[in-house]
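Residues per chain, in single letters:
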Amino acid sequence: MSLFEHEARQFKFDVLREVSKRAFNGKINEDTCDEIAALLIPGKKADYRCCIYKEKEIIRQRTRMALGKSPTPVENDNKAQIVRVIEAACDGCSINKIQVTDNCRKCMAKACVASCKFDAIHIGNERAYIDYDKCKECGACKNACPFNAIVETPRPCKLSCPVDAITIGENKLAYIDEEKCINCGACQAKCPFGAIEDISWMVNVIEELNKGTKMYAIFAPAIQGQFDNATLPQIIEGIRQLGFADAYEAAIGADAVAWYEKEDAKKHKKEGQKITTSCCPAFVNMAKIHFPTVYESNVSHMVSPMIATARYLKKMDPDCKLVFIGPCVAKKQEVQGSEVDYCITFEELGAMFVSKHIALEAVEAKEGIAASAHGRNFSIGGGVAKAVATALQENQDEPVTSEYADGGFECKKALLMLKVGRFNADVLEGMACPGGCVCGPATIENPIKAKARMTKENAAIKDKTIASTLEVFDFSDIDLHR
């Protein structure tokens, strides 16, 4: 039975699984792309595309990305650009944006013809038709038609991008403007053909494990509930069985960030300034690239929970290597140049478990020292601001007001309000993924199921304080500022 209802995501997972198998067995070579394409597309009849050759080429390009390469060879590859277009898959979406439907009555008013400044629409024998060599896709004819017979069908990837980083070229393929892109993965999540994906570092991680490198995993709190009914201790033990020296919750760093970010919030409020949280890297990217004055004045100087946990572990064991595991593709950009060496997603971790035949629900595991539920709830929209509010309450400080921006478009609106001085709350929490990290582009489980499992498992620690986490994990002499 497929792990995913989305067939393109299932193919992606199958590719990751096969690449993982070969990497663990030391069998990655120049023929890997062809071998996996032949394995996954074994017949001579096309099931999804125009021909078998197209289907195999898509698998080859997917395999290149699973190997940490661009889908097709490029010069001067920008490693910071994580989200890429698989061109062989993208052309399945080559539709015309403006189309005349059967609702056209071939009316006498000809409002559509009169509205077109490019002489691109004409009346045919049965209905109006568009000359796409002349059409500029302005939508004037659509707005003029009294029957609503002309429709505008935007590409899902372009429609989903909150920063207008995607354009459609003359060849009908999507193009990502790397100067605008915040690597949020919204286009990746919305593409119905799986034609936009993230570059993988899974092979690098496996090669380090094969060498016996001492590596710690730092996992995002959204990992709870992602692997059927496996508990968090079982997932941790499963990560150890892959070869990691140990695995730590990024929620530990989240508790530390919430505790010290409350001081930033108090300082900003005293000075009459607003502050934004720094948990979501895509949100921070949006501020830095598209609202630079807000980034400099209002974005919290605290590092993310991932970096906070990494700095703690580097202090504890300076020679170790660190791998972050999460639902977010923007984290793969954030780790570059940081204390974290690699980043893999839940999809990639799942492929590693399957390739090593690790059944998490059958793993014997012991309970360890947990972070607070407040730190774990960083993964749910609104959870960061609530944790800061809880830290203020625990410290008997004056409360602050907060507002949550749910998803990239709401983040953009909120940052614009900050820029023009019309944001009213003290704290802005922005999450590029609607619903928070538990709804990220590289999650495995339905978010409703995952949240229910998280709530059930975290019930045992609902009364645990943020301060109690810091009594066990001492961050007092660790710099948590970016």
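Refer to the structure printed above.
Everything numeric here is computed off the predicted structure, so don't read it as measured data. (Residues numbered from 1 in each chain as written. Predicted model: local features only at pLDDT ≥ 70, side-chain atom pairs only at ≥ 80, totals over all residues. Heavy atoms only, no water.)

So, the overall build of the protein
Quick reminder of the rule: A helix here means a DSSP run of H or I that spans at least four residues, while a strand means a run of E at least two residues long, and both kinds are numbered starting from the N terminus. For this measure, only C-alpha atoms enter the radius of gyration; the expected value for a globule follows 2.2 Å times N^0.38, where N is the number of residues. The contact criterion used is simple: two residues touch if any of their non-hydrogen atoms lie within 4.5 Å. Values of accessible area rely on a 1.4 Å probe in the Shrake-Rupley scheme; residue burial ignores everything except the protein chains shown. A positive count includes Lys and Arg, and a negative count includes Asp and Glu. His and the chain ends are not counted in either. Where a charge lies is defined by one atom per residue type, namely NZ (Lys), CZ (Arg), CG (Asp) and CD (Glu).
Tallying secondary structure elements over the protein gives 21 helices and 15 strands in all. For a compact globule of 482 residues, the expected C-alpha radius of gyration is about 23 Å, and the protein comes in at 25 Å, within 12% of that figure. By its C-alpha atoms, the protein is 80 × 60 × 40 Å across when sized along the principal axes. Expressed as a percentage of contacts within the protein between residues at least 6 apart in sequence, the contacts between residues at least 24 apart total 74%. Taken as a whole, the protein presents about 22,300 Å² of accessible surface, with 49% of it coming from carbon and sulfur. Each charge class in the protein was averaged separately, 62 positive and 66 negative side chains, and the resulting centres sit 4 Å apart.

Considerations on the sheet that holds strand S12 (residues 321-326)
Which entries qualify depends on this criterion: The criterion for strand pairing is that DSSP finds at least two bridges linking the strands in question. Fitted lines through C-alpha atoms give the axes, limited to the stretch in contact for helices. The angle between two N-to-C directions lies from 0 to 180 degrees.
One open sheet accounts for four strands, arranged S10-S9-S12-S13; its pairing is parallel. Bordering the open sheet on either side are strand S10 (246-249) and strand S13 (342-345), each of which pairs with just one other strand. When the angles between neighbouring strand axes are averaged without regard to direction, this sheet yields 25 degrees. Summarising the sheet, strand S9 (residues 215-219) and S10 pair through four bridges and their orientation is parallel. Bridge assignment links Ala-217 to a residue of S10, and that residue is Ala-247. Seen against the sheet, helix H11 (residues 250-270) touches S9, S10 and S12 and runs at an angle of roughly 35 degrees to S10. Across the sheet, helix H16 (residues 346-355) is in contact with S12 and S13; its angle to S13 comes to roughly 80 degrees.

Examining H11
What counts here: To estimate how far a helix should extend, the number of its residues minus one is multiplied by 1.5 Å. Note on exposure labels: buried denotes an accessible area under 20% of the residue type's maximum, exposed denotes more than 50%, and partly exposed covers the range between, all computed with a 1.4 Å probe on protein chains only.
With 21 residues, H11 should reach 30 Å at 1.5 Å per residue; the first-to-last C-alpha distance of 30 Å fits that figure. Buried residues dominate H11, accounting for 15 of its 21 residues.

Quick notes on the nonpolar core
Heads up, the condition is: Residues enter a nonpolar core if they are buried and are Ala, Val, Leu, Ile, Met, Phe, Trp, Tyr or Cys, with the set joined through side-chain atoms within 4.5 Å.
Ile-239 and Phe-475 are the most contacted members of the largest nonpolar core, which has 135 residues in total. Considering each element in turn, this core owes the most residues, eight residues, to H11.

Considerations on the environment of Asn-424
Within the secondary structure, Asn-424 is located in the loop between helix H19 (408-419) and strand S15 (427-431). Classification of Asn-424 as exposed rests on a relative accessible area of 67%. On a C-alpha basis, the gap between Asn-424 and Lys-274 in space is 8.4 Å, while along the polypeptide they are 150 residues apart.

Concerning the side chain of Glu-197
The cut-off we apply is this: The term polar contact refers here to a pair of N or O atoms within 3.5 Å; inside protein, the definition further demands a hydrogen-donor-capable atom paired with an acceptor-capable atom, and it admits residues adjacent in sequence only when both atoms are side-chain atoms.
Along the polypeptide, Glu-197 turns up in strand S8 (residues 196-198). A relative accessible area of 5% places Glu-197 in the buried class. One polar contact links Glu-197 to Arg-62, side chain to side chain, over a distance of 3.3 Å. A polar side-chain atom of Glu-197 sits 3.3 Å from a polar atom in the side chain of Gln-188. If we skip the residues at most four places from it in the chain, Glu-197 touches Lys-12, Arg-62, Met-65, Ile-82, Val-83, Arg-84, Ile-86 and Gln-188.

Comments concerning the packing of aromatic side chains
So the rule is basically this: We call Phe, Tyr and Trp rings a pair once their centres come within 6.5 Å, taking the six-membered ring for Trp, and we label the pair stacked below 30 degrees between planes, edge-to-face above 60, and tilted otherwise. Only when the NZ atom of a Lys or the CZ atom of an Arg is both within 6 Å of the ring centre and within 35 degrees of the ring normal do we say a charge sits over the ring.
Enumeration over the complete set of coordinates arrives at four aromatic pairs. Considering the side-chain rings of Tyr-216 and Tyr-248, the 5.7 Å spacing of their centres and the 85 degrees angle between planes classify their relative orientation as edge-to-face. Of the two residues, Tyr-216 is situated in strand S9 and Tyr-248 in strand S10; the sequence distance between them amounts to 32 residues. Linked through ring pairs, Tyr-312, Phe-473 and Phe-475 together constitute an aromatic cluster. Over the aromatic face of Trp-259 sits the side chain of Lys-262, whose NZ or CZ is 3.9 Å from the ring centroid. Over the ring of Phe-324 we find Lys-331, and its NZ or CZ is 5.5 Å from the ring centre.

What about the environment of Ala-222?
With respect to the secondary-structure elements, Ala-222 resides in the loop between S9 and helix H10 (232-241). Sequence spacing of Ala-222 and Ile-380 is 158 residues, and the spatial spacing of their C-alpha atoms is 7.9 Å. Look past the residues within four positions of Ala-222 in its chain and what remains in contact with it is Pro-327, Phe-346, Ser-379, Cys-437 and Val-438.

Points about the packing of H11 against helix H18 (residues 383-394)
For any two helices packed against each other, the geometry is given by the interaxial angle and the distance between the axes. Cut-off, in case you're wondering: In what follows, roughly perpendicular refers to angles from 65 to 115 degrees, roughly parallel to angles under 35, roughly antiparallel to angles over 145, and oblique to any angle outside these ranges. Each residue is assigned to one of three groups, with Ala, Val, Leu, Ile, Met, Phe, Trp, Tyr, Cys and Pro labelled nonpolar, Asp, Glu, Lys and Arg labelled charged, and all others, Gly among them, labelled polar.
At a minimum axis distance of 8 Å, the contact between H11 and H18 shows a crossing angle of 85 degrees. For the element pair H11 / H18, the angle class is roughly perpendicular. Listed contacts from H18 to Ala-258, Trp-259, Glu-261, Lys-262 and Lys-266 of H11 are Val-384, Ala-387, Val-388, Ala-391, Leu-392 and Glu-394. Here the residues of the contact of H11 with H18 sort into seven nonpolar, no polar and four charged.

Section: H10
For H10, a buried count of seven out of 10 residues is recorded, marking the element as mostly surrounded by other parts of the structure. Leu-232, Pro-233, Gln-234, Ile-235, Ile-236, Gly-238 and Ile-239 are the residues of H10 that are buried. Where the residues of H10 are buried, they touch S9, S10, S12, H16, helix H17 (373-376) and helix H20 (447-458). Count one or two residues on from H10 and you reach Gly-243, which has phi positive near 125 degrees.

Here's the deal with the sheet that holds strand S11 (residues 275-276)
With parallel pairing, three strands are arranged side by side in an open sheet as S11-S15-S14. A single partner strand is all that each edge strand has here, and the edge strands are S11 and strand S14 (402-406). Two strands pair when backbone bridges link them, and S14 and S15 are joined in this way by five bridges, in the parallel orientation. Paired with Asp-406 across the bridge in S15 is Met-431.

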